[in-house]
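Chains, contacts and geometry: an overview
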Amino acid sequence: MDRRCLPLNALRAFEATGKHLSVTAAANSLFVSQSAISRHILALEAQLGIKLFERKHQHLELTQAGRMLLPVVNKSFDRIEQTLKAILDEGAAPRRVLQMQMPPTFAHNLAVPILCEFRDAFPDIMLDLTISNRVGMSENNGDIVVVYSKPEVNDLIADLLWHVRLTPLCHPSLLERRKASDLEDLLAHNDIVHVQLEGQPRHRLWEHFMRQAELHNVSVNRGLVFDTASLAAQYAMSGTGVALLDPLLFLDELRRNALVQPFDAWVDDGYGYYLLTHSDDLMDDAIASFRSWMIKRFSGLSLQNGALVVPPCPR
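All of the points below concern the structure found in this document. What you are looking at is a predicted structure, and each value in this text was computed from that prediction instead of being measured.

The next thing to look at is the sheet that holds strand E5 (residues 144–149). A sheet is described by the order of its strands in space; here five strands give the open sequence E4-E3-E5-E11-E6, paired in mixed fashion. What marks the edges here is a single partner per strand, and that holds for strand E4 (125–131) and strand E6 (156–163). Strand-to-strand twist in this sheet, taken as the mean axis angle between neighbours without regard to direction, amounts to 25°. Here helix H5 (residues 104–121) sits on the sheet and contacts strand E3 (96–102), E4, E5, E6 and strand E11 (272–278); the angle it forms with E4, its principal contact strand, is near 180°.

Okay, structure coming up:
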C-alpha cells in the first residue's frame, strides 16, 4: 500500500478498538462517537479487503489479520509519540526508547545487571521494561521480547539465549535436618515445590523429572504450586521444600549458600530462553544493537562447578 493512502485516523480507531476489544471503550478513549469508530473500522476493512474483527454477541475478537496488524500499529504510534515528546521536551535530537518484555524470573534475577551493562555500552538508548508471564512464543508486542519457550516456527526472529536444564535445589538446613542417603530419600521425605507452566498440568515438570531419573516410587502429587520460579525458589530457601529450578537463574543464591544442589540430577524439558524480534525491525539500529549485544552476552553461557561462565560484556 502506498503510504500516501495510509488511513491514519482509521488506524488510530483500529488500535484503540484492538486494545479494548470494545467499540464503546475505544470511542471513550479517543473522545469520539461510537459510530465514528465503527465507520473507521469498516472503511479500513474495506480498504484491506479482509476482516480485522470477529463481531461476537457480547464482544469483539481480533482475527488473524487483526492480530498481525495490531502490534505493528501499536509500535508505530508509540515511536511517533516518543519522538514528538522528546522534541517538545528537549528541543533536541530524540533518544530512542526500546519497549521490552521479559518473563518474571528472568527479569527479577537477570534484568538489572543486563540492562545496566547495555546502558553503559549504549547510553543514548532508553529502555522500558514490562513483565509477561506468558509461556511460549508470543506475538511480540514490544521491540524486544524474551520468552520461555520450546522451539517454534513463526514469522519472528528467535535467537536462543540458553537451553534450560532443571535440577532439584533446596536450602542447606533441609539437608542438615535429615541426612538423605540418596535423591529418592530426599524427595520422599520433604515437600515438593512446583512451578506450573501456563496451560500445562500442575505437576508436569516433576513427573517428567521422576521418569527421567527413574524414581518410580516417589509421588509428586503433593506440595505447593507457584506460577513463577522466583516464588518457588523463595519457598525452597525457607528450608521447607525442594524445588526443580534452572541454576543459571539463581547463581547469587547458590553462591550465598541460600540454595544448594544436593545431587547431580537433571531434566531437559526442551525449553529455553529466546530473544524475539520482528524481521522488519532488524533495520532499526537500536533493535539491531540490542539483539547483537544480547546474543554476544549469552553466547558460551554455561554452568561449571556452580559458577556462571560468560564471555566479557560486549562493547
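After presenting the structure, the write-up continues.
Every other side chain in a regular strand lies on the same face of the sheet, so the side chains alternate between the two faces. Side chains Val242 and Leu244 project from strand E10 (residues 242–245) onto one buried face, and the interleaved Ala243 and Leu245 project onto a second face that is buried too. With three bridges connecting them, strand E7 (residues 167–169) and E10 associate as antiparallel partners. When the sheet's bridge partners are listed, Pro168 is paired in E10 with Leu244. Note: strand E8 (residues 192–195) against E10, two bridges, orientation parallel.

Within the fold, Ala65 resides in helix H4 (residues 64–90). Sequence separation between Ala65 and Phe53 is twelve residues; the distance between their C-alpha atoms is 8.6 Å. Not counting residues up to four positions away in its chain, the partners in contact with Ala65 are Ile50, Lys51 and Leu52.

The full count for this structure, using the stated rule, is six salt bridges. Two residues, Glu45 and Arg55, come together in a salt bridge whose shortest N-O distance is 3.2 Å. Taken together, the positions of Glu45 in helix H3 (residues 34–48) and Arg55 in strand E1 (residues 53–55) put the pair ten residues apart, joining distant regions of the chain. Look at Glu45 and you get buried, because its relative accessible area is 7%. Measuring nitrogen to oxygen at the nearest pair gives 2.6 Å for the salt bridge that ties Arg204 to Asp269. Linking Arg204 in helix H8 (residues 204–213) with Asp269 in the loop between helix H10 (251–255) and E11, this pair joins segments that are 65 residues apart in sequence.

A few words now on the sheet that holds E10. Reading across the sheet, the four strands line up as E7-E10-E8-E9 and stay open at both edges, with mixed pairing between neighbours. The open sheet has two free edges, formed respectively by E7 and strand E9 (224–226), since each of these has just one partner strand. Mean inter-strand twist for the sheet, computed between neighbouring axes without regard to direction, equals 30°. In this fold H8 packs onto E7, E8 and E10, with an angle of close to 85° to the strand it touches most, E10.

Viewed as axis vectors pointing N to C, helix H2 (residues 23–30) and H3 meet at an angle of 110°, and their least axial separation amounts to 8 Å. In terms of their interaxial angle, H2 and H3 are classed as roughly perpendicular. Side by side, H2 and H3 meet where Val23, Thr24, Ala26, Ala27 and Leu30 of the first sit next to Gln34, Ile37 and Ser38 of the second. Of the residues assigned to the contact of H2 with H3, the class counts are five nonpolar, three polar and no charged.

Reading guide: rules and limits
- Residues numbered from 1 in each chain as written.
- Predicted model: local features only at pLDDT ≥ 70, side-chain atom pairs only at ≥ 80, totals over all residues.
- Heavy atoms only, no water.
- Pairing = 2+ DSSP bridges.
- Helix = DSSP H or I, 4+ residues; strand = E, 2+ residues; numbered from the N terminus.
- Axes fitted to C-alpha atoms, helices over the stretch in contact; angles between N-to-C directions.
- Contact = heavy atoms within 4.5 Å.
- Buried < 20%, exposed > 50% of the residue type's maximum accessible area, 1.4 Å probe, protein only.
- Salt bridge = Lys/Arg side-chain N within 4 Å of Asp/Glu carboxyl O.
- Parallel < 35°, antiparallel > 145°, perpendicular 65-115°, else oblique.
- Nonpolar A, V, L, I, M, F, W, Y, C, P; charged D, E, K, R; others polar.

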